[in-house]
Amino acid sequence: MRSAAQPQEQFRSFSASSLYCPQCRQETPVRERLLLVLPDGNLYEYCCVHCGTSTGSKTEKEPNTSRILY
Ligand SMILES: [Zn+2]
C-alpha cells in the first residue's frame, strides 16, 4: 500500500524554478547565483535568464547546522 501522489516532492522541485520578473512582466526561468557565504548558510540570488534582473533570493541553511544554538 503506497500512495502514488507525493505532493511534498512536487513542492520541493517547484521552489524557485521560475519567478515573476518585473522587467519581462511574466514568470521567467531563473538562474541561481551564489551571492554570499554566511556562517549559518549560503545566500543565493535568483536572476531572470532573459534580462538578468534579480527576481528573488533565498538563504540556504547548511544541513548539519540547521539547528540554532544560543
Ligand atoms: Zn526578465
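In what follows, the structure referred to is the one given above.
If you're wondering where the values come from, they're calculated on a predicted model, not measured in any experiment.

**Q** Looking at this structure, how should I read unusual backbone geometry?
**A** Peptide bonds are, in most cases, trans, and in most cases residues other than glycine have a negative phi. One non-glycine residue, R25, lies in positive phi territory at about 60°. Assignment of secondary structure puts R25 in the loop between strand 1 (18-21) and strand 2 (26-38). With 8 C-beta atoms packed within 10 Å, R25 lands in the exposed category.

**Q** Looking at this structure, I do not really get the pairing of strand 3 (residues 41-48). What am I missing?
**A** The side chains of a regular strand alternate, residue by residue, between the two faces of the sheet. In this structure, strand 2 lies alongside strand 3, joined through eight bridges in antiparallel fashion. Looking at strand 3, one finds that R33 is bridged to E45. In this structure, the hairpin formed by strand 2 and strand 3 is closed by a connection of two residues. As judged from the seven bridges shared by strand 3 and strand 4 (residues 54-61), these two strands associate in the antiparallel manner. Residue pairing in the sheet places G41 in a bridge with K61 of strand 4.

**Q** In this structure, what is going on with the sheet that holds strand 2? I would like to understand it.
**A** Within a sheet, adjacent strands bond to each other through the backbone by hydrogen bonds, running parallel or antiparallel. Pairing is antiparallel across the open sheet formed by four strands, whose spatial order is 1-2-3-4. At either end of the open sheet lies a strand with only one pairing partner, and these are strand 1 and strand 4. Across the sheet, the mean angle from the axis of one strand to that of its neighbour is 40°, orientation sign disregarded.

**Q** Even after reading the chapter, I still don't get the pairing of strand 2, so can you show me in this structure?
**A** For strand 1 and strand 2, the ladder comprises four bridges, and the chain directions are antiparallel. Bridging across to strand 2, C21 finds its partner in Q26.

The rules we used
- Residues numbered from 1 in each chain as written.
- Predicted model: local features only at pLDDT ≥ 70, side-chain atom pairs only at ≥ 80, totals over all residues.
- Helix = DSSP H or I, 4+ residues; strand = E, 2+ residues; numbered from the N terminus.
- Buried ≥ 20, exposed ≤ 12 C-beta atoms within 10 Å, placed from the backbone.
- Pairing = 2+ DSSP bridges.
- Axes fitted to C-alpha atoms, helices over the stretch in contact; angles between N-to-C directions.

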